[in-house]
Amino acid sequence: METAHTDKNFEQKLNHLTDNLIKMSNIVEKQIEIAVNVIKSKDSSDAQTTQNLDEQVDEVERDVRDLSFEIMTLHRPVASDLRLVFTALKVSKELERMGDHSRNLAKRAISISSSFDEDLTDQMHNLGKGVQKMVNQTLESFFKKDEVQARISWNQDAEIDRQYKSLLSDLIERMHNKQTSVVDEGTKPILIAKSLERIGDHATNIAEEVIFNITGHYIDLKKSDFE
Amino acid sequence: MVDQNSNYALQTSEVYVHYGKKMAINNVALNFPKNEVTSLIGPSGCGKSTFLRCLNRMNDVIDICNVKGKFLLNGNVDIYSPDIQVETLREKVGMVFQKPNPFPKTIYENVAYGPKIHGIASSQNELDEIVKDSLHRAGLYEEVKDRMEDIATGLSGGQQQRLCIARAIAIRPEIILMDEPCSALDPIATAKIEDLINELKENYTIIIVTHSMSQASRVSSKTAFFHLGNLVEYGETGKIFTKPDKEQTNDYITGRFG
Ligand SMILES: Nc1ncnc2c1ncn2[C@@H]1O[C@H](COP(=O)(O)OP(=O)(O)OP(=O)(O)O)[C@@H](O)[C@H]1O
Ligand SMILES: [Mg+2]
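From a predicted model like this one, the values you see are computed outputs, not experimental measurements.

Undergrad: Hey, could you run me through the overall build of chain A in this one?
TA: Counting its regular elements, chain A contains seven helices and zero strands. Overall, chain A shows an N-to-C arrangement of helices and strands of α-α-α-α-α-α-α. Computed over its C-alpha atoms, the radius of gyration of chain A comes to 19 Å, within 12% of the 17 Å expected for a compact globule of 227 residues. Judged by the C-alpha coordinates and their principal axes, chain A covers about 70 × 35 × 25 Å. When burial is assessed residue by residue, chain A has 48% of its 227 residues classed as buried.

Undergrad: Please explain the interface of chain B and chain A as it appears in this structure.
TA: The accessible area lost on association of the parts is a frequent measure of interface size. Between chain B and chain A, the residue contacts involve 14 residues of the former and 17 residues of the latter. Across the chain B to chain A interface the summed buried area is about 1,200 Å²; carbon plus sulfur atoms make up 51%. Among the residues of chain B in contact with chain A, K243, T254 and R256 of chain B are the three that bury the most area, contributing 46% of the side total. On inspection of chain B and its partner chain A, the count reaches one salt bridge. Between D81 of chain A and R256 of chain B there is a salt bridge, with the nearest N and O atoms lying 2.9 Å from each other. The interface formed by chain B and chain A includes seven residue pairs in polar contact (both at pLDDT 80 or more).

Undergrad: I'm lost on the site of ligand 1 in this one. Help?
TA: Residue and element names in this part refer to chain B. Around ligand 1 there are 16 residues in total, and S44, K48, S49, T50 and H211 lie nearest to it. Take S44: an N or O atom from its side chain is 2.4 Å from an oxygen atom of ligand 1. Expressed as a share of its isolated accessible area of 640 Å², the protein-covered part of ligand 1 is 67%. Examining the composition of the shell around ligand 1, we find that four residues originate from one element, helix α1 (residues 48-54), more than from any other. Of the residues that constitute the shell around ligand 1, the class distribution is six nonpolar, six polar and four charged.

Undergrad: It is not clear to me how helix α3 (residues 107-117) of chain B should be interpreted in this structure. Could you clarify?
TA: Since the α-helix packs 3.6 residues into each turn, any two residues three or four apart lie on the same face. All names here are of chain B. All buried positions along α3 are accounted for by I107, Y108, N110, V111, A112, G114 and P115. Check the buried side of α3 and you find it contacts α4 (124-137), α5 (141-144) and α6 (157-170). Within two residues after α3, G119 carries a phi angle of roughly 60°, on the positive side.

Undergrad: What am I meant to see in the pairing of strand β4 (residues 65-73) of chain B here?
TA: Look at any regular strand and the pattern is simple: side chains alternate between the two faces of the sheet. Residue and element names in this part refer to chain B. Looking at chain direction, strand β1 (residues 8-19) and β4 are connected through eight bridges and run antiparallel. Across the sheet, the residue bridging to Y16 is K68, located in β4. Hairpin remark: β4 followed by strand β5 (residues 77-78), antiparallel, with three residues in the connecting loop; positive phi at N74, about 50°.

Undergrad: Is there a simple way to explain the pattern of salt bridges in this structure?
TA: Two side chains carrying opposite charge are able to pair once their charged atoms lie near each other. Residue and element names in this part refer to chain A. If you walk through the whole model with that rule in mind, you get 32 salt bridges over all chains. The partner of R97 in a salt bridge is D100, with the nearest N and O atoms 2.9 Å apart. Here R97 and its partner D100 are both found in helix α3 (residues 79-111), three residues apart, which amounts to about one turn of the helix. Judged by its relative accessible area of 33%, R97 falls in the partly exposed class. The residue E197 makes a salt bridge to K194 at a minimum N-O spacing of 3.4 Å. With E197 and K194 both in helix α7 (residues 188-215) and three residues apart, this pair spans about one turn of that helix. In this pair, the class of E197 matches that of K194, namely buried.

Undergrad: Explain the nonpolar core here, please?
TA: In terms of nonpolar packing, the biggest core is built from 57 residues, with L17, L95, M98, V135, I192 and L196 of chain A touching the most fellow members. Secondary-structure elements contributing two or more residues to this core are α1 (8-41), α2 (44-75), α3, α4 (118-144), α5 (147-176) and α7 of chain A. No other element matches the 13 residues that α1 of chain A contributes to this core. Core analysis: the next-biggest nonpolar cluster, separate from the first, contains 38 residues, L135, I169, A189 and L196 of chain B among them.

Undergrad: Any chance you could explain the packing of α1 of chain A against α2 of chain A here in plain terms?
TA: Residues and elements named next belong to chain A. Relative to each other, α1 and α2 sit at 160°, their axes nearing to 9 Å. With respect to each other, α1 and α2 are oriented roughly antiparallel. Between α1 and α2 the crossing geometry is left-handed. When grouped by side-chain class, the residues that make up the contact of α1 with α2 number 18 nonpolar, nine polar and eight charged.

Undergrad: Mind showing me how you'd approach the pairing of strand β9 (residues 222-227) of chain B here?
TA: Residue and element names in this part refer to chain B. Among the six residues in β9, five count as buried, and that is most of the element. With four bridges joining them, strand β3 (residues 37-41) and β9 adopt parallel strand pairing. Within β9, the residue paired with L40 across the bridge is A224. Connecting the antiparallel pair β9 and strand β10 (residues 230-236) is a turn made up of two residues, with L228 showing a positive phi of about 50°.

Undergrad: Explain the packing of aromatic side chains to me, please; I cannot follow it from the model alone.
TA: For any two aromatic rings, the description comes down to two numbers: the centre-to-centre distance and the angle of the planes. Within this structure, the stated rule accounts for eight aromatic pairs over all chains. A centroid spacing of 4.9 Å and a plane angle of 50° characterise the contact between F142 of chain A and F143 of chain A, whose relative ring orientation is tilted. Accessibility expressed as a relative area gives 6% for F142 of chain A, which makes it buried. By relative accessible area, F143 of chain A is classed as partly exposed at 32%. Taken together, the ring pairs in this structure connect F86, F212 and Y218 of chain A into an aromatic cluster. When the ring centre of Y16 of chain B is taken as reference, the NZ or CZ atom of K68 of chain B above it lies at 5.5 Å. Here the guanidinium or amino end of R167 of chain B rests over the ring plane of F103 of chain B, the centre of that ring lying 4.4 Å away.

Calculation criteria
Residues numbered from 1 in each chain as written. Chains lettered and ligands numbered in written order. Predicted model: local features only at pLDDT ≥ 70, side-chain atom pairs only at ≥ 80, totals over all residues. Heavy atoms only, no water. Helix = DSSP H or I, 4+ residues; strand = E, 2+ residues; numbered from the N terminus. Rg over C-alpha atoms; globule rule 2.2 N^0.38 Å. Buried < 20%, exposed > 50% of the residue type's maximum accessible area, 1.4 Å probe, protein only. Contact = heavy atoms within 4.5 Å. Buried area = accessible area lost by both parts, 1.4 Å probe. Salt bridge = Lys/Arg side-chain N within 4 Å of Asp/Glu carboxyl O. Polar contact = N/O pair within 3.5 Å; in protein donor to acceptor, adjacent residues only side chain to side chain. Near = heavy atom within 4 Å. Areas by Shrake-Rupley, 256 points an atom, 1.4 Å probe, with all protein chains shown as cover. Nonpolar A, V, L, I, M, F, W, Y, C, P; charged D, E, K, R; others polar. Pairing = 2+ DSSP bridges. Core = buried A, V, L, I, M, F, W, Y, C linked by side-chain atoms within 4.5 Å. Axes fitted to C-alpha atoms, helices over the stretch in contact; angles between N-to-C directions. Parallel < 35°, antiparallel > 145°, perpendicular 65-115°, else oblique. Left-handed = near helix turned anticlockwise from the far one by under 90°. Phe/Tyr/Trp six-rings, centres within 6.5 Å; stacked < 30°, edge-to-face > 60°. Lys NZ or Arg CZ within 6 Å of the ring centre and 35° of its normal.

The structure is reproduced here in C-alpha cells:
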C-alpha cells in the first residue's frame with residue numbers, strides 16, 4: 001500500500017480497521033453461502049449457523065464503529081485515511097444488513113415444505129448463487145482496490161434484478177393457476193427472493209463505496225430502488 | 001492601473017529563488033484568486049516562507065537572495081518593476097508574521113502608525129475611526145477599548161497577533177500574507193484568528209503559510225503543496241484533503257514521511 005505512517009499508533013489502528021473489515025467480510029460471505037445452500041438442503045442446523053454467525057457480524061460491526069470513531073477523534077484522518085474510515089463505516093453497515101438478510105432467508109427456507117415446486121426452488125437457488133458470486137467479487141474488489149472489478153460487480157446488479165423479477169412473475173403465475181404447493185407457502189418464497197435481491201443491492205452499495213475509496217468520487221449512475 | 005476584470009489578486013509564474021547558489025524555489029507558477037484564502041503547506045524548508053516573501057518583496061533585504069519570475073498584481077502591475085516603490089507595494093500587500101511583533105508603543109500607535117505614514121487619514125477624527133474599525137475587524141476592539149494608551153507588548157500573545165492583523169488591515173491592503181500566524185497561540189486564540197480570516201476574506205485576498213493541516217482545511221478554499229522548492233500540487237482545499245492527485249501530497253497530509 002502507501003508509505004508507512006510516521007505515527008505508528010495511528011498506522012496500527014488503520015490496519016486493525018482493515019483487518020476487522022476482512023474478518024467481517026469473511027463471516028458474511030460464509031453466512032450467504034450457507035443460507036443459499038439451505039434453500040435446497042432445508043438443513044435446520046445450517047440455518048441456525050447463519051443465526052450464530054449473525055451475532056459475530058454484529059459484534060465486529062460494533063468494533064468497526066468504535067474504532068472508526070476513535071480514529072476520527074484522536075487522529076483526525078484526511079485524504080486516503082479519511083476515505084478508508086468513511087468507507088469502513090459504510091461498508092460494515094452494508095455487510096451487517098447482508099448478514100441479516102441471509103439469516104432471515106435461511107430461517108424462511110427451512111419452513112418451506114419439501115413438496116414445494118422444484119423449478120421455483122432451483123430458480124431461488126440460482127438467484128442465490130448469482131448474488132453470492134456478486135458479493136464475493138465486490139468484496140474482492142474492495143480489498144484489492146480494483147476499480148474495474150468494482151464497476152463490473154456494480155453492473156451485475158441489473159442481471160440479479162432481472163432474475164428476481166422473472167422469479168416473481170413465475171411465482172405469481174403459479175398462484176394464479178392455484179398450484180397448491182405454491183399457494184400453501186404464501187409469501188415465504190417471495191420474501192426469500194426479496195432478501196436475495198436486497199443482498200445484491202447492498203453489494204451494489206459496497207461497489208459504490210469501493211469506487212469512492214479509490215477515486216474520491218461516487219458513481220453517478222443511479223439505478224431504481226425496488227424497495 | 002487596476003484591471004478590475006482580473007479574477008486574480010496576484011499571478012505568479014516561472015518563479016525561481018536562490019540563496020547564493022542554493023535553489024529554494026524551482027519554477028513555481030501559482031495564482032491567487034481574489035477574496036479567497038489560499039494556504040501554502042509543505043515540510044519544513046520546502047520554501048513556503050521564501051515564496052511568500054517574494055510576494056511583497058521582503059526578500060529584497062536579503063543580500064544573497066536572488067528572485068526571478070513574473071509577479072502580477074491585479075492582472076497588470078509587475079511588482080518587481082523599477083517603477084514600483086516597495087512602500088507602495090506593501091500598502092497593497094500586507095504581512096503578518098509567525099511571532100507577533102508589535103512596536104514597543106501604545107496599542108493606538110501600533111494601529112495608527114501605518115495609516116499615518118501612508119497618509120491614509122486626513123484628520124485626527126478619521127485616524128481614530130480607522131484605528132477603531134481595524135481593531136474591531138481584528139476582533140480585538142472590545143478587549144482593548146479601555147486601554148488604548150497601554151503599551152502593546154503588555155497584551156497576551158493572541159491579542160498581540162490580532163493587533164498585528166489590525167495593524168496590517170489599517171493600511172487597507174488588497175492582499176494579506178500570513179506566515180504561520182497561529183503557531184504561538186493557544187486553541188482559543190487560534191480559533192479567533194481563523195474566524196477573523198474567514199471574515200477578512202470578504203474584503204481581502206489572503207495567503208497563509210501553515211503547518212497545521214487542520215488549519216489549512218478549515219480556513220482556505222485553495223491549497224498549494226510545496227516540496228523541496230517545487231509546487232507539487234495545487235487545487236481546491238476540499239479536493240486536496242479528500243483525494244489529492246499526487247501520491248506525494250497524500251503522503252504528506254496523512255503524515256506519511258520518508
Ligand atoms: N536567509 C536565508 N539564507 C540562506 N538560506 C535560506 C534563507 N532563508 C531560507 N533559506 C533556505 O531556503 C530553503 C527554504 O526555506 P524557507 O524558510 O522558505 O522554508 P519553509 O518552507 O518556510 O520552512 P519552515 O516550514 O521551516 O518555515 C531552506 O533550505 C532554507 O534553509
Ligand atoms: Mg517558514
